[in-house]
Amino acid sequence: MPAASTTLRMLAVSVIASLTVTGCQTFEDAGVAMGRSELVNDLAARLDRALELTYSADYQLPGGQSAAIVQAQDPARSAYTYPGGRLTVTPEAITRCTTTGSRPECTVLAPPTPGSKPTVTLFGEANRQGLVTPPVVVGLLTAAALDPQAVIRQSDTTVAGHHAACVEVQSSSGDFTACVTTEGVLGSFVGPVDGEPVDVALSRYSATVDTGAFEPPAGAGVVDRRPGGS
C-alpha cells in the first residue's frame, strides 16, 4: 500500500483520538465530537482509496480556466496541471513547470524520500493558481474538526455525473464546502486556501490516463537540479 495512503489512515486515527479522549464531556459534546470524527475518517478513507487508483480528473475554475489531476500506479505517480504550470511527482523526481512564457520551463528536483508522501507545502503553487489538492482538503477538514466552535454539516450531491458526499464548514479560520465522490476523487471545493479564494468543480472523470501527463510539456526547457543531474 502506498505510504501516502497509510499516512492518511494514521491522520484519521489521530484526529479521532484527539476528539474523543477528554476528561469530562457531556453527552451532547461527545455526539458532536463523534460526528466530526466520522466526517474526517470518511473523507480520509475515500482519499486513501483514491491514492491506489489510476484516474484522470478535469476541473473547471472561475473565468473559464481549467485544471487537472492525473494519477497512475506501478509505480505510483501523479501530475497536477493548473493555470500557468504543472507539478509532477514520481519515484524519480519532482518536476515543476511554468507555462506562462512562449516556452515552458521545468525544474527537476529530488523525489520525496522513499516511504514518505509529498508535504502539503509542495502544492503551494497549485493552491495559489486555484487547484486545491486532496491533502490540503484533508488538512482543512482536520483543522475544522479540532475547532470546538466550528459548525460542520453534511449533504450529498452529484458532480459530473458522480455521486459525492459534501461537508459545509463554518469556522473562525474560514468557511468552505468540499465534496468527495464515491471513488474518492475531489468533486468540488469552494473556500479560502492560504488566504486566497478557491472555486473548483469536477468536469470530467476517467479511469484511464495519458502517460504523457507525467512528462515535461513538449519543447520545454528542462533544468535538472537533482544530485548528479545536469
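Right above here is the structure, for reference.
What you see is a predicted model, and the numbers here were worked out from it, not measured in a lab.

Definitions and cut-offs
Residues numbered from 1 in each chain as written. Predicted model: local features only at pLDDT ≥ 70, side-chain atom pairs only at ≥ 80, totals over all residues. Heavy atoms only, no water. Helix = DSSP H or I, 4+ residues; strand = E, 2+ residues; numbered from the N terminus. Buried < 20%, exposed > 50% of the residue type's maximum accessible area, 1.4 Å probe, protein only. Contact = heavy atoms within 4.5 Å. Areas by Shrake-Rupley, 256 points an atom, 1.4 Å probe, with all protein chains shown as cover. Expected span 1.5 Å × (residues − 1). 1 Å grid on protein atoms, 1.4 Å probe; cavity = no way out; pocket = protein on both sides within 12 Å on 5 of 7 lines; lining within 4 Å. Points joined across faces, edges and corners; volume = space filled by probe spheres on them. Salt bridge = Lys/Arg side-chain N within 4 Å of Asp/Glu carboxyl O. Pairing = 2+ DSSP bridges. Phe/Tyr/Trp six-rings, centres within 6.5 Å; stacked < 30°, edge-to-face > 60°. Axes fitted to C-alpha atoms, helices over the stretch in contact; angles between N-to-C directions.

A. Molecular detail of the overall build of the chain. Along the chain, the regular secondary structure elements total 4 helices and 12 strands. In the chain, which comprises 230 residues, the proportion classed as buried is 43%. In the chain, once contacts between residues fewer than 6 apart in sequence are set aside, the share between residues at least 24 apart is 50%. Roughly 11,400 Å² of accessible area belongs to the chain as shown, and the carbon and sulfur atoms make up 55% of that amount.

B. Representation of helix H4 (residues 134-145). Taking 1.5 Å of rise per residue, 12 residues should cover 16 Å, and H4 covers 16 Å from first to last C-alpha, within 8% of that figure. Buried within H4 we find Pro-134, Val-136, Val-137, Val-138, Leu-141, Thr-142, Ala-144 and Ala-145.

C. Fine view of empty space enclosed by the protein. Under the definition given, this model contains 1 cavity of 30 Å³ or more. Computed from the structure, the largest cavity encloses a volume of approximately 100 Å³. For the largest cavity, the full set of lining residues is Leu-39, Asp-42, Leu-43, Arg-46, Leu-141, Gln-154, Ala-165, Cys-166, Val-167, Ala-178 and Val-180. Elements supplying a minimum of two residues to the lining of the largest cavity: helix H2 (27-50), strand E8 (162-170) and strand E9 (176-181). Considering each element in turn, the lining of the largest cavity owes the most residues, 4 residues, to H2.

D. Broad picture of the pattern of salt bridges. Considering all chains together, one arrives at 3 salt bridges under this definition. Here Arg-128 and Glu-125 are joined by a salt bridge, their closest N and O atoms 3.1 Å apart. Here Arg-128 pairs with Glu-125, and both are found in helix H3 (residues 124-128), just 3 residues apart, close to one helical turn. For Arg-128, a relative accessible area of 52% gives the class exposed. Overall, the relative accessible area of 28% leaves Glu-125 in the partly exposed class. Close ionic contact of Asp-224 with Arg-226 constitutes a salt bridge, the shortest N to O distance being 2.7 Å. A relative accessible area of 18% means that Asp-224 is categorised as buried.

E. Spatial organisation of the pairing of E8. As paired strands, strand E7 (residues 151-159) and E8 are joined by 9 bridges and run antiparallel to one another. Counted as the bridge partner of Thr-157 is Ala-164 from E8. What sits between E7 and E8 in their antiparallel hairpin is a turn of 2 residues, with Ala-160 showing a positive phi close to 50°. The pairing of E8 with E9 spans 6 bridges and is antiparallel. Each bridged residue has a counterpart across the sheet, and for Val-167 the counterpart in E9 is Ala-178. Hairpin connection of E8 to E9: 5 residues between the antiparallel strands, including Gly-174 at a positive phi of 135°.

F. Main features of the packing of aromatic side chains. Taken as a whole and assessed by the stated rule, the structure comprises 3 aromatic pairs. Between Tyr-80 and Phe-123 the ring centres are 5.2 Å apart and the planes differ by 70°, which places this aromatic pair in the edge-to-face class. Within this pair, whereas Tyr-80 is found in strand E3 (residues 77-82), its partner Phe-123 is found in the loop between strand E6 (105-109) and H3, the two being separated by 43 residues in sequence.

G. The arrangement of the sheet that holds strand E5 (residues 94-98) in detail. The strand order across the open sheet formed by 12 strands is E7-E8-E9-E10-E11-E1-E2-E3-E4-E5-E6-E12, and the pairing between neighbours is mixed. In this open sheet, the two edge strands, each paired with only one partner strand, are E7 and strand E12 (221-224). The average angle at which neighbouring strand axes cross in this sheet is 15°, direction not considered. The strands that H4 touches are strand E2 (66-72), E7, E8, E9 and strand E10 (186-193); relative to E10, the one it contacts most, it runs at about 60°.

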